[in-house]
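Summary of the model geometry
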Amino acid sequence: METAAVSTTGEGRDEARMPLLSSSSPITSTPSAPIDDEIRPWQPPEAQAQAQPTTVSAASPPPAKSPRLVSLDVFRGLTVAIMILVDDAGGAFASINHAPWFGVTLADYVMPSFLFIIGVSIALVFKKISNKSSATKKVIIRTVKLFVLGLIIQGGFFHGHNNLTYGVDIDRIRLFGVLQRIAIGYFIAAISEIWLVRNVPVDSAKSFVRKYYIQWTVAAVITMLYIGLLLGLYVPDWEFQVQSKNTELQTNSTILVQCGVRGSMDPPCNAVGLVDRIVLGQNHLYMHPVYRRTKECSVNSPDYGPLPSGAPTWCLAPFDPEGLLSTLMSAVTCFVGLYFGHIIIYCKGHPERMLLWSVSSLVLVILAFAVQVLGMPFSKPLYTVSYMFLTAGVSGFALASIYFMVDIIKFGAPLVIFQWMGMNALIVFILAASEVFPIFLQGFYWGSPSYNLVSLTEALLQKICNSKRWGTLAFVMLEVLFWGLAAGVLHIKGIYYKL
């Protein structure tokens, strides 16, 4: 784990910060927060006419800007905060850590939330496009930047918490990860918004469908393709190499996984893993998959632990939870976000938005359980259709709830720390969620690498709480508070990290 603000200067005056992305400049410092890239609620033509006089003299002050749609920033920042929480405290509290294979926990809602917010933001960014070719070029450039950033951060160059070494063997670099998935989802959704939206004025539900039905068709085709490959591909027996550091299995270096099945969704023999092994190669997959926390593979399940006696041979096999086929399916979550963003653009007021968002979210959740009953369980590593429906629906409810609190009844003060984090989500993700800053701090220690500011602070809180688990949770909450305040300082100074 971001995941995953985007601005398209010249492609529309109303622009939006996307999760983990911003505008084309690297770092900007201005006296106040940017104005041109703010997302503004829809206003009736009458209100717009009143707010924008036809003539302005040189001595007159500029017209007042429409209020920012703060709920997107809060939702984005809250998602980043939850990512930090589940990544750093998930080991102490298995209930919030990723589900070992089937099922959904708090951690499993983080990635879909990022993708959902990306879709909402894209709809607002590209609602007015003056030059489709120029917009496409900018989308491609940002996609490449984000993908490369993901390779650097999550490809294996940094060796993680409590490890002062760095470097990666190019023959074994991990090709896909959280940022790479966000990049691909952003690219597919943005290109569809640029090229597949019909030039139809929207004045009714029918015209709304006519404008966006091609997009919805693309999302349906992706879903059908995923289902066809997941259930239709034949998965033969396959082999993998056991690394020398894995001494739990007393066997040869080459392990055979017996499959010979079609339509399996279990860890060793699914089509998602097959596609990644063929296209990406085993050496470029994630080497510590979550299924090592299943009962079959860990005596401490649902946490990591030693292999139980008689563990299946596939427990040490590589599998990437952000692989090709699952990433393709995850892009559909961005299309759901597009739909919610289009509601912001064309609905006239708060009640209409709240009603459509709530009904749409409920339909998605119902579809999720219906697909599960039909035999496709919730699985984040596979990004199953049921999982996509469920997490997209929950994201819709979350957006509606935050929108009601922040943008309707103006009860945003208690959530301001998440707003700040959301306005600088990329820098917080890089430094905190990807552990770049903690790894940097651990490089300065007293006598022994274990005596560093990060480890000593966590140990102190564990001693104060008289509990390792609760002390870890207190440390993570302090970490979230620190990054929220740091983002607040950047906001006050008008500094925003933009890609």
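Read on for an overview of the structure.

1. Examining the overall build of the chain
Counting secondary structure elements, the chain contains 15 helices and eight strands. Relative to its 499 residues, the chain shows a buried fraction of 52%. Summed over all atoms, the accessible surface of the chain reaches about 22100 Å², with 65% contributed by carbon and sulfur.

2. Concerning the packing of helix H6 (residues 205-232) against helix H8 (residues 324-346)
One way to put it is that H6 packs onto H8 with a least axis distance of 9 Å and a crossing angle of 160 degrees. Looking at the two axes, H6 sits roughly antiparallel to H8. Remark: the crossing between H6 and H8 carries left-handed chirality. Between H6 and H8, the residues in contact are Phe208, Lys211, Tyr212, Gln215, Trp216, Val218, Ala219, Ile222, Thr223, Leu225, Tyr226 and Leu229 and Leu325, Leu328, Met329, Val332, Phe335, Leu338, Tyr339, His342 and Tyr346, respectively.

3. What about the pattern of salt bridges?
Evaluation of the coordinates by the stated rule reveals four salt bridges. Notably, a salt bridge pairs Asp73 with Arg76, separated by 2.8 Å at the nearest N-O pair. Separated by three residues within a single helix, Asp73 and Arg76 lie in helix H2 (residues 70-89), roughly one turn from each other. Residue Arg76 is classed as buried on the basis of its relative accessible area, which comes to 0%. Through salt bridges with shared partners, a single network forms among Arg174, Asp320, Glu322 and Lys380.

4. Brief notes about helix H4 (residues 132-154)
Between the first and last C-alpha of H4 there are 32 Å, a value that for 23 residues agrees with the 33 Å anticipated at 1.5 Å per step. Every buried residue of H4 is listed here: Ala135, Thr136, Val139, Arg142, Thr143, Leu146, Leu149, Gly150, Ile153 and Gln154. The opening residue of H4 is Asn131, an N-cap whose side-chain oxygen sits 3.1 Å from the backbone nitrogen of Ser133.

5. Quick word on the environment of Ser204
Positionally, Ser204 belongs in the loop between helix H5 (178-195) and H6. Given the relative accessible area of 34%, Ser204 is considered partly exposed.

6. With respect to the nonpolar core
Grouped burial of nonpolar side chains is what soluble globular proteins tend to show. Core analysis: the largest hydrophobic core is formed by 120 residues, its most contacted members being Ile84 and Met421. The element contributing the most residues to this core is helix H3 (residues 110-125), with 12 residues.

7. What about H2?
Spanning 20 residues, H2 covers 28 Å between terminal C-alpha atoms, matching the ideal 28 Å at 1.5 Å per step. Most of H2 is tucked away, with 16 of its 20 residues classed as buried.

8. Focus: the state of the cysteines
The tally for this structure, following the rule as stated, stands at two disulfides. Between the sulfur of Cys259 and that of Cys269 lies a disulfide, 2.1 Å long from S to S. The sign of the -85 degrees torsion about the S-S bond sets the Cys259-Cys269 disulfide as left-handed. Taken together, the residues Cys259 in the loop between strand E4 (254-257) and strand E5 (261-262) and Cys269 in the loop between E5 and helix H7 (271-279) connect sequence positions 10 residues apart. Taken as a pair, Cys259 and Cys269 share a single burial class, namely buried. Paired through a disulfide, Cys297 and Cys315 show a sulfur-sulfur distance of 2.0 Å.

9. Considering the side chain of His342
With respect to the helices and strands, the residue His342 is situated in helix H8. In contact with His342, not counting residues within four places along its chain, are Ala123, Glu193, Phe208, Tyr212 and Gln215.

10. A short note on the environment of Trp446
Residue position: Trp446 is located in strand E6 (residues 445-446). Once you skip the residues sitting within four places of it in the chain, Trp446 turns out to touch Tyr451, Asn452, Leu453 and Leu456.

11. Some thoughts on the packing of H2 against helix H11 (residues 416-423)
Between H2 and H11, whose axes approach to 6 Å, the crossing angle comes to 90 degrees. For the element pair H2 / H11, the angle class is roughly perpendicular. Along the contact surface, H2 presents Val70, Asp73, Val74, Arg76, Gly77, Leu78, Val80, Ala81 and Ile84, while H11 presents Phe418, Gln419, Met421, Gly422 and Met423. Residue composition of the contact of H2 with H11, by class: nine nonpolar, three polar and two charged.

12. Thoughts on the packing of aromatic side chains
On inspection of all chains with the given rule, the structure shows 22 aromatic pairs. Here Phe369 and Phe378 contribute two aromatic rings whose centre-to-centre distance is 5.5 Å and whose plane-to-plane angle is 90 degrees, an arrangement assigned as edge-to-face. For Phe369, a relative accessible area of 42% gives the class partly exposed. Relative to Tyr387, the ring of Tyr383 has its centre 4.9 Å away and its plane inclined at 90 degrees; by these criteria the two rings are edge-to-face. Of the two residues examined, Tyr383 and Tyr387, each falls in the buried class. Here the aromatic cluster, defined as three or more aromatic residues joined through ring pairs, consists of Phe75, Phe116, Phe208, Tyr212, Trp216, Tyr339, Phe340, Tyr346, Trp357 and Tyr403. The ring of Tyr212 has Lys211 lying over it, and the distance from NZ or CZ to the ring centre is 6.0 Å. Above the ring of Trp238, the side-chain terminus of Arg277 is found at 3.7 Å from the ring centroid.

13. Concerning unusual backbone geometry
The omega torsion across Ser301 and Pro302 is 15 degrees, close enough to zero to call that bond cis. Mapped onto the elements of the fold, Pro302 is located in the loop between H7 and H8. At Lys410, a position not held by glycine, the phi torsion is positive, near 60 degrees. Within the fold, Lys410 resides in the loop between helix H10 (385-408) and H11. When its relative accessible area of 56% is taken as the criterion, Lys410 is described as exposed. For Asn466, which is not a glycine, the phi torsion comes out positive at approximately 55 degrees. Residue placement: Asn466 occurs in the loop between helix H14 (453-465) and helix H15 (468-492).

Parameters at a glance
Residues numbered from 1 in each chain as written. Predicted model: local features only at pLDDT ≥ 70, side-chain atom pairs only at ≥ 80, totals over all residues. Heavy atoms only, no water. Helix = DSSP H or I, 4+ residues; strand = E, 2+ residues; numbered from the N terminus. Buried < 20%, exposed > 50% of the residue type's maximum accessible area, 1.4 Å probe, protein only. Areas by Shrake-Rupley, 256 points an atom, 1.4 Å probe, with all protein chains shown as cover. Axes fitted to C-alpha atoms, helices over the stretch in contact; angles between N-to-C directions. Parallel < 35°, antiparallel > 145°, perpendicular 65-115°, else oblique. Left-handed = near helix turned anticlockwise from the far one by under 90°. Contact = heavy atoms within 4.5 Å. Salt bridge = Lys/Arg side-chain N within 4 Å of Asp/Glu carboxyl O. Expected span 1.5 Å × (residues − 1). Polar contact = N/O pair within 3.5 Å; in protein donor to acceptor, adjacent residues only side chain to side chain. Core = buried A, V, L, I, M, F, W, Y, C linked by side-chain atoms within 4.5 Å. Disulfide = S-S within 2.5 Å. Nonpolar A, V, L, I, M, F, W, Y, C, P; charged D, E, K, R; others polar. Phe/Tyr/Trp six-rings, centres within 6.5 Å; stacked < 30°, edge-to-face > 60°. Lys NZ or Arg CZ within 6 Å of the ring centre and 35° of its normal.

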